[in-house]
Amino acid sequence: MNLRRDFPLLANNPGLHYLDSAATSQKPTVVLDALRDFYETANANPHRGAYSLSVRATECYHQARVRIAQFLGVRDSDCLIFTRGTTEGLNLVAASWGMANVASGDEIVVTALDHHANFVPWQVLALRKGAKFRVCELTPDGKIDLDFLGGMLNRKTRIVAFSHVSNALGTINPLVEIARMVREKTDAILVCDGAQSAPHFPVSFDSLNIDFYAFSGHKMLGPMGIGGLIGNRAMLEEMPPYQTGGDMIEFVHDERTTWNVLPHKFEAGTPNAANAVALAAAVEYLDKIGMDRVLEHERSLMSLAQERLTAIEGLHIYGPAPAERSGVVSFTMNDVHPHDLATILDGEGVCIRAGHHCAQPLMRRLDVPATARASFYVYNDESDIDALVAGIIKAREIFGYVPA
Amino acid sequence: MSQPNSSAEISALYQELILDHYRRPRNKGTLEKPDASVEMKNPLCGDEIGLQVEFDGNAVHDVRFSGRGCSISQASASMMTQLVKGKSTQEIDALRNQFRDLMLGVTSPSGEEESKLGSLRALSGVARFPARVKCALLAWNALDNALAERRSA
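The rules behind each value
Residues numbered from 1 in each chain as written. Chains lettered and ligands numbered in written order. Predicted model: local features only at pLDDT ≥ 70, side-chain atom pairs only at ≥ 80, totals over all residues. Helix = DSSP H or I, 4+ residues; strand = E, 2+ residues; numbered from the N terminus. Rg over C-alpha atoms; globule rule 2.2 N^0.38 Å. Buried ≥ 20, exposed ≤ 12 C-beta atoms within 10 Å, placed from the backbone. Contact = placed C-beta atoms within 7 Å. Domains from an automatic or database assignment. Nonpolar A, V, L, I, M, F, W, Y, C, P; charged D, E, K, R; others polar. Expected span 1.5 Å × (residues − 1). Arc of directions from axis to C-beta. Axes fitted to C-alpha atoms, helices over the stretch in contact; angles between N-to-C directions. Parallel < 35°, antiparallel > 145°, perpendicular 65-115°, else oblique. Left-handed = near helix turned anticlockwise from the far one by under 90°. Pairing = 2+ DSSP bridges.

### A short note on the overall build of chain B
Step number 1: Looking only at helices and strands, one finds five helices and three strands in chain B.
Step number 2: Mapped from its N terminus to its C terminus, chain B presents α and β elements in the order α-α-β-β-β-α-α-α.
Step number 3: A globule of 153 residues ought to have a C-alpha radius of gyration of about 15 Å, and chain B, at 15 Å, matches this closely.
Step number 4: The dimensions of chain B, computed from C-alpha atoms along their principal axes, are 50 × 35 × 25 Å.
Step number 5: Buried residues in chain B amount to 42% of all 153 residues.
Step number 6: Restricting to contacts in chain B with at least 6 residues of sequence separation, those with at least 24 account for 64%.

So, in structure tokens, the structure goes:
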């Protein structure tokens, strides 16, 4: 798979080895063109005007929703609410469903593997409602401890929030089994952080047996500032609005207001139509490759990276075996701090993330302040791994490693 | 696009003196009866430092640091503790300003005033790495807080 030429930033910087797609992906020309094309040919405020240009904008926005819903296996596209990204999607559920349904004494379960975006909103909700906030522990190799989870679940559990894939370690969590356990032992809603799964393998929401799934467009070749929340229709209809204002209303009386239908009830204000259209172009691009091939490509790169990195003395890789991970390798290198590693790699044109990856609860449990993380996507190839390995060897030399 | 740093800049950053302080930090540990005790974290990278200071009147009598972090934050803390021992709080304020200017690339390490920074001048390469300036300043920010604690005591 040689797609580098489809990505202007990569094509214009031949020496750049971008290994930070878990943070944000690069954007292909088709996405940038779609964004520009919307503004050049269809720009007007959707849902507002009676004139044909506004109708065209509305149609583009609607078609984008249908296309993205199709990509994520959602038959009822009105159940896909556009948000700024995963963070806003999760906050929407916490603020709307959570504030309306969680009571003092209820229990909210998250896992130690979760990103702050799927941790803090629930912690804050629990504090506001006097609910118990419970964190599911992990196995030593960085997977959700299912026995521990089973022991936590009970009839007081109201929300179980977990990530489909860990952004810090790449762990692919057993969604089906978690959902089965939760359904069996609780009446809780299941909220899934899909920021790291939607970009990397096929996801079909309708067959997942969960209630909410949030994702970010910018991690799946789309622009920043657009993403979505997919929800169960009955729940979305019951839920109070998240934000109020234009577009989300039906009738505004002096004393009270009635709400618009889905999805508009949750999309107050002028929508981010241009970015939605660009994200639709991104999923079109991904579908052309085929999500099975995306997964296969990342897997093969990760296996190679695992093999090459394991051979470096003093390098420690965190998380489960490659077969249980998406395209992420999280590691430390003896006494070379991840920050120093990232600086030296940057000098070689290699972009990796160093830090706590917005997962401080996980870092505490791993007992490291930070790790270095390399993550792969469709445009990466073997040369990126060669550069990564060479950079790590260089860092080791700078820090005075003497081979035995 | 901001260009990646050159090999020469990387070498200038990781001078032997810095790596030496990273490997064998001076004044690392804790004091038995500190007058001021400060904990500080860099939330962006997870680096953390504990700083303990014993005063003698208006001057720093002894100082220790603890915690973990990258070579830049550790070397900066180690060198700083060596430099400030015996100095008055006013002298330390002046040194802190000089060091900050050096990190922000406002001044060069060869100036007469800057010579007072001693071994800390080895960190001047950090100015070429905007993402790392906060690492170098972490210990100094902790010391700032310790001095403020002293003043308000």
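### Points about the domain arrangement of chain A
Residues and elements named next belong to chain A.
Step number 1: According to the domain assignment, chain A contains domain 1 (4-20 + 290-398) and domain 2 (30-287).
Step number 2: Between domain 1 and domain 2, the contact holds 22 residues from the first and 23 residues from the second.
Step number 3: For the side of domain 1 that touches domain 2, the elements supplying multiple residues, two or more each, are α10 (291-310), β12 (328-333) and α12 (360-366).
Step number 4: Partitioning the side of domain 1 that touches domain 2 into residue classes produces eleven nonpolar, five polar and six charged.

### Concerning helix α2 (residues 29-41) of chain A
Residues and elements named next belong to chain A.
Step number 1: In this model α2 runs 17 Å from its N-terminal to its C-terminal C-alpha over 13 residues, within 8% of the 18 Å that 1.5 Å per residue would give.
Step number 2: Every buried residue of α2 is listed here: Val 31, Ala 34 and Phe 38. The buried residues of α2 occupy an angular sector of 55° when projected down its axis, which confines them to one face. When the buried face of α2 is taken as reference, the exposed residues oriented beyond 90 degrees from it are Arg 36, Tyr 39, Glu 40 and Thr 41.

### Here's the deal with the packing of helix α4 (residues 89-103) of chain B against helix α5 (residues 133-152) of chain B
Residue and element names in this part refer to chain B.
Step number 1: Orientation of α4 relative to α5, taken along the N-to-C sense of each, is 160°, at an axis distance of 11 Å. One way to sum up the angle between α4 and α5 is to call them roughly antiparallel. Our pair here, α4 against α5, has a crossing hand that is left-handed. The segment α4 lies against α5, with Thr 89, Ile 92, Arg 96, Phe 99, Arg 100 and Met 103 engaging Val 133, Ala 136, Leu 137, Trp 140, Leu 143, Asp 144 and Leu 147.
Step number 2: Partitioned by chemical class, the residues of the contact of α4 with α5 number nine nonpolar, one polar and three charged.

### As for the sheet that holds strand β3 (residues 59-68) of chain B
Residue and element names in this part refer to chain B.
Step number 1: Taken in spatial order, the three strands line up as β1-β2-β3 in an open sheet, and their pairing is antiparallel. Taken across any chain shown, the strands that pair with only one partner, and hence form the sheet edges, are β1 (36-41) and β3. Strand-to-strand twist across the sheet, computed as the mean angle between neighbouring axes with direction ignored, equals 15°.
Step number 2: Two elements, strand β2 (residues 48-56) and β3, share nine bridges in a ladder whose sense is antiparallel. Looking across to β3, one finds that Val 53 is bridged to Val 63.

### Things to note about the pairing of strand β2 (residues 80-83) of chain A
Residues and elements named next belong to chain A.
Step number 1: Here β2 shows no split at all, with Leu 80 and Phe 82 on one side and Ile 81 and Thr 83 on the other all buried.
Step number 2: In terms of strand pairing, β2 meets strand β8 (residues 227-231) through four bridges, oriented antiparallel. Following the sheet pairing, Leu 80 is matched in β8 by Ile 230.

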